[in-house]
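Architecture at a glance
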Amino acid sequence: MMIKAVDLRKYFRRRGAVLGSAGETVRAVDGVSFHVEKGRTFGLVGESGCGKSTLARLVTGILRPDGGNIELGGDRDIVFQDPYSSLNPRMTVKEVIGESLLVRGAGRDVIDARVSEALSLVRLEEKDCDKRYPHQFSGGERQRIAIARALVRRPEIIVLDEPVSSLDVSIQAGILNLLKDLQDELSLTYLFISHDLRVVEFVSDTVGVMKDGRIVETAAREDIYRAPRHPYTRHLLECVSGKRF
Amino acid sequence: MSILEIKELTVSIGQRRVIDGVSLDLRPGEVTALVGESGSGKTLTALAVLDLLPGSAVRQAGRVLFKGVDIFSLPGERVRQLRGNDIAMVFQEPFTALDPVMRCGAQVSEAVLAHRKMPRAGVRRRVSELFDMVKLPDGTAQSYPHELSGGMRQRLVLAMALACDPEVLMLDEPTTALDVSIQNEILELVMRINKEKGPATLFITHDFSVVDMIADRVSVMKNGVIVEDGEKGGVMTRPMHWYTRQLMECIPRLGDTRRRLPTGRT
């Protein structure tokens with residue numbers, strides 16, 4: 001098992017109306033359990049505010065859970081939705097990718113070698129990245145840079161939080177293909193988060209449907225799409241526009 | 001009979017032709033989808049119709065006829081009367097289109113009063129009629145934009161666009177930023193308004209699944225050029241241009257068994 005989450009909880013307190021007063025508690029993640037096996041993709045689908053990004057941050061360790069626990073079978077990293085805001089505009093692309101190694105005290109040679117490796121994995125030319133900054137790249141290329149940054153420490157688990165939502169459809173197709181190829185080449189385990197049921201079906205082995213901080217249904221991909229059990233899953237499927245799609 | 005005709009419009013920014021010989025016909029009661037990816041020129045085409053091209057853009061050739069009259073030949077004051085009154089537009093991101101410190105009801109009445117002289121009671125009636133049309137609860141009038149959800153904000157800007165019963169309604173990716181269930185509601189609302197009130201509708205999108213749901217006609221745009229157009233049924237069942245096929249095929253479908261998605265030659 002590469003990811004095993006048991007009864008994960010994360011609550012946030014809204015600020016009260018009066019200064020210093022206790023506000024309402026928001027149960028962003030409210031008792032979530034799921035597991036993912038090595039080399040597999042767990043697709044997490046849900047609408048805005050359902051808690052899916054909070055869950056991503058719990059799995060990545062950016063946030064600490066208020067309850068429950070999470071076991072990971074290896075190192076992990078994350079790719080965020082918006083490759084415009086997630087890459088430091090003042091660093092060259094190579095610096096962006098190598099930074100996480102630098103802060104961990106890796107030497108120049110190791111960093112250079114790993115950055116080249118990561119760039120070739122995401123099919124970017126090293127010579128194009130040497131002295132160029134993120135803004136000089138297109139949206140799809142930037143998302144490749146963000147993926148290279150996630151790969152540079154050779155993690156076994158990658159959390160993908162809406163990685164293709166801000167991209168044009170043809171660029172999205174290229175990134176989805178790349179993610180599948182990388183999984184095959186490196187046996188990566190993915191937690192793939194999206195509001196798009198078609199994209200989730202395309203990449204996932206198992207799918208969890210999240211609503212109001214809870215996973216309301218988890219099943220193998222074929223089952224969730226062919227025989228959804230929870231009314232909310234059925235509702236989401238009915239909402240997919242264009243029946244031919 | 002077309003109410004708005006774009007004829008051979010060519011616009012350049014610097015050396016680049018961002019709109020290159022584009023022609024489009026919009027007819028009452030019809031939804032025309034303008035499909036293309038970022039940078040294809042679809043938003044600029046809509047802005048050209050309103051004579052709102054950015055200062056860096058130069059119109060090289062072409063005409064935009066509203067009821068047979070070339071918009072570019074009209075004096076500025078007359079074009080201002082057309083905007084929002086006869087030709088209305090809904091932008092992609094509703095939050096940036098709204099005034100954050102003005103109550104929602106007031107923003108809609110402002111849109112009504114921009115082109116109509118009306119007693120206060122009449123304005124109030126009209127605003128409540130518009131709220132009803134876009135299915136916003138009446139109480140929303142007292143709220144501020146930040147208190148509304150994304151879907152409600154999009155209904156609000158739609159109410160503003162409909163304030164003066166426009167004959168042409170242009171929507172620029174109005175559902176791209178919304179959740180699937182909300183997206184569906186907005187699409188159904190746009191279709192209902194199109195059939196009931198009959199404004200010729202231009203719907204800008206990059207997503208063929210949305211086109212499938214909403215459009216009567218389709219024009220596909222790439223690098224400033226319309227590469228294919230026609231009835232939706234024809235274009236979607238027998239796409240002639242490779243780019244149209246690619247835009248349709250690169251979206252994963254429900255029940256998709258493909259291992260990889262085509263990424264084409266772009």
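Residues numbered from 1 in each chain as written. Chains lettered and ligands numbered in written order. Predicted model: local features only at pLDDT ≥ 70, side-chain atom pairs only at ≥ 80, totals over all residues. Heavy atoms only, no water.

**Considering the overall build of chain A**
This is how the line gets drawn: Segments assigned H or I by DSSP are reported as helices when at least four residues long, segments assigned E as strands when at least two residues long, and all are numbered from the N terminus. As defined in this context, the radius of gyration uses C-alpha atoms, and a globule is described by 2.2 Å times the residue total to the power 0.38. A simple rule labels every residue: compare its accessible area, found with a 1.4 Å probe on the protein chains alone, to the largest value its type can have, and call it buried under 20%, exposed over 50%, or partly exposed in between. Contacts: residue pairs with any heavy atoms within 4.5 Å of one another. Per-residue and other accessible areas were derived by the Shrake-Rupley procedure at a 1.4 Å probe size, with only the shown protein chains allowed to occlude residues. We score Asp and Glu as negative and Lys and Arg as positive, and we do not count His or the chain ends. In this description, the location of a charge corresponds to atom NZ of lysine, CZ of arginine, CG of aspartate or CD of glutamate.
When helices and strands are counted, chain A shows nine helices and nine strands. The C-alpha radius of gyration computed for chain A amounts to 19 Å, which stays within 12% of the reference 18 Å derived for 245 residues, consistent with globular compactness. Taken over the C-alpha atoms alone, chain A extends approximately 55 × 50 × 35 Å along its principal axes. Per-residue burial over chain A gives 53% buried out of 245 residues. Here the analysis covers contacts within chain A between residues at least 6 apart in sequence; of these, 69% occur between residues at least 24 apart. Only carbon and sulfur atoms are counted for the fraction: they give 46% of the accessible area of chain A, which is about 11,300 Å². Each charge class in chain A can be summarised by its mean position, and for the 37 positive and 35 negative side chains these summaries are 4 Å apart.

**Quick notes on the overall build of chain B**
Check the secondary structure of chain B and you find 10 helices and 10 strands. Computed over C-alpha atoms, the radius of gyration of chain B comes to 19 Å, within 12% of the 18 Å expected from 2.2 N^0.38 for 266 residues, which places it in the range of a compact globule. A total of 266 residues make up chain B; the buried ones form 55% of that total. Restricting the contact set of chain B to residue pairs at least 6 apart, pairs at least 24 apart contribute 65%. Looking at chain B as shown, the accessible area adds up to about 11,700 Å², and 50% of this sits on carbon and sulfur atoms. When the 34 basic and 33 acidic side-chain charges of chain B are each reduced to a single mean position, those positions are 2 Å apart.

**Thoughts on helix 1 (residues 42-49) of chain B**
All names here are of chain B. For helix 1, the buried fraction is high: seven of the eight residues fall into the buried class. Where helix 1 is concerned, the buried positions are K42, L44, T45, A46, L47, A48 and V49. Phi turns positive, to about 55°, at D51, one or two residues after helix 1.

**Remarks on the nonpolar core**
Which entries qualify depends on this criterion: Here, nonpolar core means buried Ala, Val, Leu, Ile, Met, Phe, Trp, Tyr and Cys residues that are tied together by side-chain atoms lying within 4.5 Å of each other.
Within the largest apolar cluster, 107 residues are counted, with the highest numbers of intra-cluster contacts made by I97 and I147 of chain A together with L158 and F208 of chain B. For this core, the leading source of residues is helix 6 (residues 169-186) of chain A, giving seven residues. Setting aside anything within four residues of it in sequence, one finds I147 of chain A in contact with V79, V122, I175, L178, L179 and L182 of chain A. Core analysis: the second largest hydrophobic core is formed by 33 residues, I3, L4, L82 and A200 of chain B among them.

**With respect to the interface of chain A and chain B**
Note the cut-off: Only one rule defines a salt bridge in this text: a Lys or Arg side-chain nitrogen within 4 Å of an Asp or Glu carboxyl oxygen. Any pair of N or O atoms that falls within 3.5 Å is considered a polar contact. Within protein, one atom must be able to donate a hydrogen and the other to accept it, and sequence-neighbouring residues count only if both atoms are side-chain atoms.
Contact with chain A, which involves 32 residues of that partner, is made by 36 residues of chain B. Scanning the region where chain A abuts chain B turns up three salt bridges. In this structure, R260 of chain B and D181 of chain A form a salt bridge, with 2.7 Å as the shortest nitrogen-oxygen distance. Along the contact surface separating chain A from chain B lie 10 residue pairs in polar contact (both at pLDDT 80 or more). Listing elements by their share of the side of chain A that touches chain B, those giving two or more residues are helix 6, helix 7 (197-203) and helix 9 (231-239) of chain A. Ranked by residue count, the leading element in the side of chain A that touches chain B is helix 6 of chain A, at 11 residues.

**Side note on the packing of helix 2 (residues 93-102) of chain A against helix 5 (residues 139-151) of chain A**
All names here are of chain A. Which entries qualify depends on this criterion: With axes taken as lines fitted to C-alpha atoms, and helix axes fitted only over the stretch in contact, angles between N-to-C directions fall between 0 and 180 degrees. Should an angle fall under 35 degrees it is taken as roughly parallel, and over 145 as roughly antiparallel, whereas 65 to 115 is taken as roughly perpendicular and any remaining angle as oblique. Take the far helix as your reference; a near helix turned counterclockwise from it by less than a right angle gives a left-handed crossing, and one turned clockwise gives a right-handed crossing. Residues are grouped as follows: Ala, Val, Leu, Ile, Met, Phe, Trp, Tyr, Cys and Pro are nonpolar; Asp, Glu, Lys and Arg are charged; all remaining types, including Gly, are polar.
Relative to each other, helix 2 and helix 5 sit at 30°, their axes nearing to 7 Å. Classified by the angle between their axes, helix 2 and helix 5 sit roughly parallel to one another. As helix 2 packs across helix 5, the resulting crossing turns out to be right-handed. For the pair helix 2 and helix 5, contact is made by V93, V96 and I97 and by I145, A148 and R149, respectively. Across the contact of helix 2 with helix 5, the residue classes tally to five nonpolar, no polar and one charged.

**Observations concerning helix 4 (residues 104-113) of chain B**
Residues and elements named next belong to chain B. By the criterion of burial, helix 4 is predominantly enclosed, with seven of the 10 residues buried. Residues of helix 4 that are buried: C104, G105, Q107, V108, S109, A111 and V112. Buried positions along helix 4 lie against helix 5 (120-133) and helix 6 (150-161).

**Some details on the environment of T140 of chain B**
Residue and element names in this part refer to chain B. Position of T140 among the secondary structure elements: in the loop between helix 5 and helix 6. Considering only alpha carbons, one finds T140 and M152, 12 residues apart in sequence, at a separation of 9.1 Å. Contacts of T140, omitting those with residues within four sequence positions, involve C104, F131, L148 and M152.

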